[in-house]
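# Coordinate analysis (summary)
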Amino acid sequence: QLQLDVYGEVLETAYLWSRRHEVTEGTWLTLQRLVDWVADNWRRPDSGIWEVRAGLQHYVFSKVMCWVALDRGIRLARRFSLPADLTRWNAERAAIHAEVMEKGWSEHKQSFVQYYGTEALDASNLVIPMVHFLPADHPRVRGTVMATLRELTSEDKELVYRYRNDDGLPGEKGVFSICTFWLAEALALCGEVERGERIFQRMLKHANHVGLYSEELNPATGEFLGNHPQAFTHIALINCAHVLETLKRRRTRS
């Protein structure tokens, strides 16, 4: 399956790593090839972050992460004066942003959607402010967070389904632990720190006796579903905890 989002994940990791390390020539050759590949291939449909079996689509999250790959590649090249086709990379980055803003947004839902041409929502779009595709105070970010609360949460409005539409797989869908941590972080970034903290604290209670999480939860019983333990869930937990603590410290200082 083609999953275009992974290139953004790799370049984001390299960018964060570069804050304390110099990017060597050998490392850059590998990263440069990846960014060039994204510049050539971001217009392709893919299976998305969730590996959906219902057919290839132009998933908004995949496009956003392609933007991340180009953006971080540009930043790395400029910071370390590395060889790169910056004219092309800048043009492709701008093209992705413009396309997502045009084709990935629903005026009716006031939210970014799962893929171009649908009104279905996807919790992965909560990541948009976290990767700086748009600032957290942008009205489309807040609209997406509010739409997620409205349409993708459990009855108590705090546990999050990754999506609601058919994905080609049988069986009942649980709430996704990573998505719930994303919601807590997105709310905090949008200024609703207390609400984000409440959801975060509730999710802490869903860990097992050694502090580990599964991929999904049964929203009624809390039973673990899917892969266990799930690394992505724990990454989202750590990131959310860091953001909440940072925001609370800022508020205390002010």
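Described in the following lines is the structure provided in the data block. What you are looking at is a predicted structure, and each value in this text was computed from that prediction instead of being measured. (Residues numbered from 1 in each chain as written. Predicted model: local features only at pLDDT ≥ 70, side-chain atom pairs only at ≥ 80, totals over all residues. Heavy atoms only, no water.)

## Digging into the sheet that holds strand 5 (residues 224-225)
Pairing is antiparallel across the open sheet formed by three strands, whose spatial order is 3-4-5. Two strands lie at the open edges of the sheet, namely strand 3 (175-176) and strand 5, each paired on one side alone. In terms of strand pairing, strand 3 meets strand 4 (residues 216-217) through two bridges, oriented antiparallel. Paired with Val175 across the bridge in strand 4 is Leu217. (Pairing = 2+ DSSP bridges. Helix = DSSP H or I, 4+ residues; strand = E, 2+ residues; numbered from the N terminus.)

## Digging into the state of the cysteines
Overall, the coordinates contain zero disulfides when judged by the stated rule. Free of any disulfide, Cys66 has its nearest cysteine sulfur in Cys179, 19 Å distant. By relative accessible area, which is 0% here, Cys66 ends up buried. Here Cys240 stays free of any disulfide, with the sulfur of Cys190 as its closest cysteine sulfur at 13 Å. (Disulfide = S-S within 2.5 Å. Buried < 20%, exposed > 50% of the residue type's maximum accessible area, 1.4 Å probe, protein only.)

## Considering the packing of aromatic side chains
Two measures describe an aromatic ring pair: the distance that separates the ring centres and the angle between the ring planes. Overall, the coordinates contain nine aromatic pairs when judged by the stated rule. Ring centres 5.6 Å apart and planes at 80° place the aromatic pair Tyr59 and Tyr115 in the edge-to-face group. One end of the pair, Tyr59, is in the loop between helix 2 (25-41) and helix 3 (60-80); the other, Tyr115, is in the loop between strand 2 (111-112) and helix 5 (139-151), with 56 residues separating them in the sequence. Assessed through its relative accessible area of 18%, Tyr115 is described here as buried. Above the plane of the ring of Tyr15 lies Arg72, whose end atom (NZ or CZ) is 5.9 Å from the centre. Here the basic side chain of Arg164 rests over the ring of Tyr161, its NZ or CZ set 4.0 Å away from the ring centre. (Phe/Tyr/Trp six-rings, centres within 6.5 Å; stacked < 30°, edge-to-face > 60°. Lys NZ or Arg CZ within 6 Å of the ring centre and 35° of its normal.)

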